[in-house]
Amino acid sequence: MTTTVATRRITGLKPTGELHLGNLLGAIQPMVRDQYTSDSIVFLADLHALTVAHEPRQLRENTLRQATVLLAAGLDADRTLFYVQSQVPDHAELHYLLECTTAYGEAHRMIQFREKAGDRSDVRLSLLTYPVMQASDILLHDAAEVPVGDDQRQHVELTRDIANRFNHRYGETFVVPRVVTPPVAARVMDLTNPTAKMGKTTSSASGAIGLLDPPALVTRKINRAVTDSDGIIEYDPALRPGVSNLLEILAACVGGSPSSVAADFRGYGQLKSGTVEAVLGLLRPLQARYETLARDPGYVRGVLAEGAERARERTAETVFRAKRSIGVLT
C-alpha cells in the first residue's frame, strides 16, 4: 500500500495596513483551498513589519485583526499550522545563520529594497536583510512550495540560492522550494491606477477594496474605478488596463477566465454592476464571520498560541540541523 504525502506549502502575510481584495483573491483564497490538499503553513510576519517606522500598539492590533480576518475567510487551524512569526524565535535564529551564507550584493540587488530605500540615509538595516529573513521563514519548515505573486518571485529565487549554497558548502540541510503562482488574479491592480498593484499601504483609499469595507463603500469604489474611453469590453491588460482589472476581479470571484466573462457585458456600467455583485457576494459571509470572531479576541489569541507551540516543535529540529551543519556546537 502506497501512502501519499501532502506537499508542504507556506504563506506569510505582513500585518501592515488593511487586507484587501487582492490579498483575498491572490493569496487567502488559494491558501484556504489548498489546506485540504497540502500540508499548509500560514504565519503573520510581524517581524517584517519592523523594517519601517511603525507604532507598536497599532502593529499588535493589526496582527490580531488580520488573524481574525484569515479565520473568517475560512482558514482552519486544525488543518493549517497558523501562528505569529515573532512567537517562534527560531525564525530569528535561522535568519542569522543564513546571513552568514548570504552576500551583501545579493541582498542589495533586491528590487523592493532599492524601491523602498531610494537615496534615504535613515533606511533601517532590517529592510536590507529582510529577504534573508524570508528565506529563514521558508526554509525553517522544509516547505516545498511558496505561493507568491510576481513581485515576490525574486525573493523566493534568493531563498533557493541560499539553500543551494548552504547545502553545497555544509551538506544537505534544507529543502529547496519552488514558486507556485495562482492562475487568476494573482496580481489585482489598483482601481484608480490600474497599472499599479493593489496594496495595503501603497494604494489610495479609493484604489483598494478592504475586506471589511461596508457594501456601500465597495459599490462606490468599483463604480468610480478607472476604465477606458472607447467603451470596448475586452481583456487586454496592455491596451485596456482598467477594464482588464475589473474582468480579472470578476473572473476570480465567479470562476472562469477574464476573456470568457467579458462576453457577458455590453457596457462599462453593466460591467461595474456585475463586478459589484460578485465582490459583495464574496465579502458578505466573510464579514459576518469576522463580526462573530471579533467579539471573542481571546479565542483568536488562543488559536495563535496553540499554532506557535506546534510550530516550535517542528522548527527547533530545523535550527538544530542547520547549526550542526554550519559548525556551531550543539
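Parameters and conventions
Every chain is numbered independently, its residues counted from 1 as its sequence is written. At least 70 in pLDDT is required for a residue's local features to be given in this predicted model, at least 80 for side-chain atom pairs to be given and counted, and no such filter applies to totals for whole chains, interfaces and linings, which use all residues. Excluded from the side-chain calculations are hydrogens and water; all other atoms, namely the structure's heavy atoms, are used. Each helix corresponds to a stretch of at least 4 residues labelled H or I by DSSP, and each strand to a stretch of at least 2 residues labelled E; elements are numbered beginning at the N terminus. C-alpha atoms define the radius of gyration, and 2.2 Å times the number of residues to the power 0.38 defines the globule rule. Classification of residues uses two cut-offs on accessible area relative to the type maximum, computed with a 1.4 Å probe and protein chains only: under 20% is buried, over 50% is exposed, and between them is partly exposed. In what follows, residue pairs with any heavy atoms lying within 4.5 Å of each other are defined as contacts. For every accessible area listed, the method is Shrake-Rupley and the probe measures 1.4 Å; residues are considered covered only by the protein chains on display. Whether two strands pair depends on DSSP finding at least two bridges between them. Call a crossover right-handed when, viewed with both strands pointing away from you, the route from the first strand across the helix to the second goes clockwise. Here an axis means a line fitted to C-alpha atoms, over the contact stretch when the element is a helix, while the angle between two N-to-C directions is reported on a 0 to 180 degree scale. Here the word oblique covers every angle except those under 35 degrees (roughly parallel), over 145 (roughly antiparallel) and from 65 to 115 (roughly perpendicular). Take the number of residues in a helix, subtract one, and multiply by 1.5 Å to get its expected span. Here the arc refers to the directions that run from the helix axis out to each C-beta atom. A residue's pLDDT is the confidence the predictor assigns to it, expressed on a 0 to 100 scale. One side-chain nitrogen of Lys or Arg within 4 Å of one carboxyl oxygen of Asp or Glu is enough to make a salt bridge. The aromatic pairing rule takes the rings of Phe, Tyr and Trp, using the six-membered ring of Trp, and pairs them if the centres are within 6.5 Å, calling planes under 30 degrees apart stacked, those over 60 edge-to-face and the rest tilted. Think of it as a cone above the ring: NZ of Lys or CZ of Arg counts as a charge over the ring if it is within 6 Å of the ring centre and within 35 degrees of the ring normal.

**What about the overall build of the chain?**
Across its full length, the chain carries twelve helices and five strands. Computed over C-alpha atoms, the radius of gyration of the chain comes to 21 Å, within 12% of the 20 Å expected from 2.2 N^0.38 for 330 residues, which places it in the range of a compact globule. Each principal axis of the C-alpha distribution contributes one length, and for the chain these read about 70 × 50 × 45 Å. Across the 330 residues of the chain, 50% fall into the buried class. Considering only contacts within the chain whose residues lie at least 6 apart along the sequence, 75% involve residues at least 24 apart. Accessible surface for the chain amounts to roughly 15,600 Å². Of this, 52% is attributable to carbon and sulfur atoms.

**Considerations on the pairing of strand S2 (residues 39-44)**
Most of S2 is tucked away, with five of its six residues classed as buried. Pairing between strand S1 (residues 8-13) and S2: six bridges, direction parallel. Bridge pairing in S2 places Ile10 opposite Ile41. In this fold, S1 hands off to helix H1 (residues 21-34), which returns the chain to S2; that crossover is right-handed. Judged from the five bridges that link them, S2 and strand S3 (residues 80-84) form a sheet pairing that is parallel. By the bridge assignment for S3, Leu44 is matched with Val84. Since S2 and S3 lie parallel, the crossover through helix H2 (residues 56-72) that links them has a hand, and here it is right-handed.

**Overview of the packing of H1 against helix H11 (residues 268-294)**
Their axes nearest at 12 Å, the elements H1 and H11 cross at an angle of 75 degrees. By the criterion of interaxial angle, the relationship of H1 to H11 is roughly perpendicular. Each of Leu21, Leu24, Leu25 and Gln29 in H1 lies in contact with H11, whose residues at this interface are Val279, Leu282, Leu283 and Leu286.

**Some thoughts on helix H7 (residues 153-170)**
Counted at 1.5 Å a residue, the expected span for H7 with its 18 residues is 26 Å, and the 26 Å between its end C-alpha atoms agrees. All of the buried residues along H7 are His155, Val156, Leu158, Thr159, Ile162, Ala163, Phe166 and Asn167. In an axial view of H7, the angular spread of the buried residues amounts to 165 degrees, which keeps them on one side of the axis. After H7 finishes, the residue Gly171 shows a positive phi value of roughly 100 degrees.

**A few points about the confidence of the model for the chain**
Scored by pLDDT, the chain has a mean of 90; 93% of the residues are at 70 or more. Per-element confidence in the chain ranges from a low mean pLDDT of 65 for helix H5 (residues 111-117) to a high of 98 for S3.

**Some details on the environment of Ala308**
Tracing the backbone through its elements, the reader meets Ala308 in helix H12 (residues 297-326). For Ala308, a relative accessible area of 2% translates into the label buried. When the C-alpha atoms of Ala308 and Gly255 are compared, they prove to be 35 Å apart, with 53 residues separating the residues in sequence. Discounting residues that sit within four places of it in the chain, Ala308 has contacts with Phe82, Tyr83, Gln87 and Val88.

**Section: the pattern of salt bridges**
The full count for this structure, using the stated rule, is 15 salt bridges. Arg321 is paired through a salt bridge with Asp142; the nearest N and O atoms lie 2.8 Å apart. One end of the pair, Arg321, is in helix H12; the other, Asp142, is in the loop between helix H6 (125-139) and strand S4 (145-147), and 179 residues separate them in sequence. Asp213 is the salt-bridge partner of Lys221, the closest N and O atoms lying 2.7 Å from each other. Each member of the pair, Lys221 together with Asp213, is buried. Each of Arg9, Arg33, Asp34, Glu145 and Arg178 takes part in salt bridges that share partners, so that together they form one network.

**Some words on the packing of aromatic side chains**
For the structure shown, the criterion picks out three aromatic pairs. Both rings, one in Phe43 and one in Tyr83, keep their centres 6.0 Å apart while their planes meet at 25 degrees; by these two values the pair is stacked. Of the two residues, Phe43 sits in strand S2 while Tyr83 sits in strand S3, which places them 40 residues apart along the sequence. In this pair, the class of Phe43 matches that of Tyr83, namely buried. One cation-aromatic arrangement involves Lys14 over Tyr130; the distance from NZ or CZ to the ring centre is 5.8 Å.

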